[in-house]
Amino acid sequence: MGNKTNNLLTKYRFPNKTYDLDLSNKNINGSVIADIVEAFQNASARVSLRSLNIAHNIITNSSDIERILAALPSSITNLNMSYVDHTDNGFSINSFSRLGYLTGLQSLDVSRIAFSSYHNNVIGQILQNLFQLRELRLRWLYTNLTQVAQALKPSLQLLDLSCHPSFNALND
């Protein structure tokens, strides 16, 4: 489908240079989302994504996450990848390492993404290069809060850790 999608997109004229793409809650498979994002990347230099929302979709393959993130421009400002359906094993954190190269990010939501338990302590490393990040949502994310706290930048205005297991333990 990749080549077909890329060819279809080049037939259209895009009057603006940047776009907000909302594919949330569409029950779309990860490979189709990757094809769409790659089509924007390949369409021409005139078309760029400013924001992408792929929340509440079906992404079960780590390679689809890698394709999606690799196709995003480093200047993208908003990315919502929350609540994607996933395999029981969780995603490898390596699939998300490209997040650290999206240096224009101002808002990032990776709530309720299941990283495999072996890799759940490296979200802080991903955040190291995100100096423009203003909003970070990590709801229901099992991760090392110390690493997250050490990686936070002065630009951060909102940190959402609601329903984090560490806070739930305090209420028990």
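Procedures and definitions
Residues numbered from 1 in each chain as written. Predicted model: local features only at pLDDT ≥ 70, side-chain atom pairs only at ≥ 80, totals over all residues. Heavy atoms only, no water. Pairing = 2+ DSSP bridges. Helix = DSSP H or I, 4+ residues; strand = E, 2+ residues; numbered from the N terminus. Axes fitted to C-alpha atoms, helices over the stretch in contact; angles between N-to-C directions. Buried < 20%, exposed > 50% of the residue type's maximum accessible area, 1.4 Å probe, protein only. Contact = heavy atoms within 4.5 Å.

*Asks:* Report on the sheet that holds strand β5 (residues 135–137), specifying residues and quantitative values.
*Replies:* Backbone hydrogen bonds hold the strands of a sheet together, and the pairing may be parallel or antiparallel. One open sheet holds the six strands; their spatial order is β1-β2-β3-β4-β5-β6, and the pairing between them is parallel. Edge positions in the open sheet fall to β1 (18–22) and β6 (158–160), since each of these has one partner strand only. In this sheet, neighbouring strand axes are inclined to one another by 10° on average, regardless of whether the strands run parallel or antiparallel.

*Asks:* Summarise the environment of Asn-29; cite the residues concerned and give the values.
*Replies:* Positionally, Asn-29 belongs in the loop between β1 and α2 (30–43). Overall, the relative accessible area of 37% leaves Asn-29 in the partly exposed class. Taking the C-alpha atoms as reference, Asn-29 lies 5.8 Å from Ile-59; in sequence the two are 30 residues apart. The residues contacting Asn-29, other than those within four sequence positions of it, are Ile-58 and Asp-64.

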